[in-house]
Amino acid sequence: PEINSASMPLSTLEAMPRGSLGAEYARFLKRHSFSPDDRSDVRFVDDSDLAYVMLRYRQVHDLWHVLFALPPSFMGEVALKWLETAQTGLPMCGAGALAGGVRLRDSQRALVVRHVLPWAMRHAASSIDLLSVYYERELNRPLDELRAELKLELAPPEVR
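Positions within a chain are numbered from 1, following the residues in the order the chain's sequence is written. The model is predicted, so local features are restricted to residues of pLDDT at least 70 and side-chain atom pairs to those at 80 or more, both for listing and for counting; the totals for chains, interfaces and linings are taken over all residues. Excluded from the side-chain calculation are hydrogens and water; included are all heavy atoms of the structure.

(A) Broad picture of the packing of helix α3 (residues 48–67) against helix α4 (residues 74–88). Here an axis means a line fitted to C-alpha atoms, over the contact stretch when the element is a helix, while the angle between two N-to-C directions is reported on a 0 to 180 degree scale. Secondary structure elements are taken from DSSP: a helix is a run of H or I of four residues or more, a strand is a run of E of two residues or more, and numbering for both begins at the N terminus. At a minimum axis distance of 11 Å, the contact between α3 and α4 shows a crossing angle of 125°. Taken together, α3 and α4 sit at an angle that is classed as oblique. Pair α3 / α4 crosses with right-handed handedness. Residues Tyr57, His61, Trp64 and His65 of α3 pack against Gly76, Glu77, Leu80, Lys81, Leu83, Glu84, Gln87 and Thr88 of α4. Here the nonpolar group is Ala, Val, Leu, Ile, Met, Phe, Trp, Tyr, Cys and Pro; Asp, Glu, Lys and Arg are the charged ones; every other residue, Gly included, is treated as polar. Along the lines of polarity and charge, the residues of the contact of α3 with α4 split into four nonpolar, five polar and three charged. Each angle receives one of four descriptions, namely roughly parallel if under 35 degrees, roughly antiparallel if over 145, roughly perpendicular if within 65 to 115, and oblique otherwise. Take the far helix as the reference: if the near one is turned anticlockwise from it by less than a right angle, the crossing is left-handed, and if turned clockwise, right-handed. Note on contacts: a residue pair is in contact if any heavy atoms of the two residues lie within 4.5 Å.

So, in structure tokens, the structure goes:
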């Protein structure tokens, strides 16, 4: 499956039960003027299966913001990049987390070391591969119920 405005129209998401993954995803998209169609195409990957994995990684990014209660702020993006690094093992995620960390103030870097990295590593140790979740089938589920089933720990309050 793919996550885009054709497969998940905003109006359909907004009509889902309050507190569901779909409704909260719609609120996130609307609040920040985002669209699932904003993600750039995957390039430089010749294998179609690997290209799909990269596409999926890009498409679930904003869903992960919702799942982990992370704002799309600079600190929220750095925290999510560390989580993506831990979850996927993709070098580009780690590079993004490191590069973003360079731009943080010393106090923010200390928060990353003290709170974000341990949080991300706890998710790396999880047996649940968040990239493989069929989110499209979970849109009507209460967000808290889905978080519990996936054994998700919200992002540290210091970065939310």
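Structure's up, so let's keep going.
(B) Region of the structure containing unusual backbone geometry. In the Ramachandran plot, Ser33 falls in the positive-phi region, its phi being about 55° despite a non-glycine side chain. Note that Ser33 resides in the loop between α2 (21–31) and α3. Only protein chains enter the accessibility calculation, which uses a 1.4 Å probe; a residue whose area is less than 20% of its type maximum is buried, one above 50% is exposed, and one in between is partly exposed. The exposed category is assigned to Ser33, whose relative accessible area is 65%. Residue Ala69 is not a glycine yet carries a positive backbone phi of 60°. With respect to the helices, strands and loops of the structure, Ala69 is situated in the loop between α3 and α4.

(C) Just empty space enclosed by the protein, in detail. Here a cavity denotes grid points, spaced 1 Å and computed from the protein atoms alone, that fit a 1.4 Å probe unable to get out, and a pocket denotes an open set having protein on both sides within 12 Å along at least 5 of 7 lines; residues with an atom within 4 Å of a point are the lining. Grid points are joined across faces, edges and corners, and a volume is the space filled by probe spheres set on the points. Taken as a whole and assessed by the stated rule, the structure comprises one cavity of 30 Å³ or more. Taken as a whole, the largest cavity encloses approximately 40 Å³ of empty space. Every residue along the wall of the largest cavity is listed here: Ile3, Tyr25, Ser35, Pro36, Arg39, Arg58, Gln59 and Asp62. Of all the elements, α3 adds the most residues to the lining of the largest cavity, at three residues. Residue composition of the lining of the largest cavity, by class: three nonpolar, two polar and three charged.

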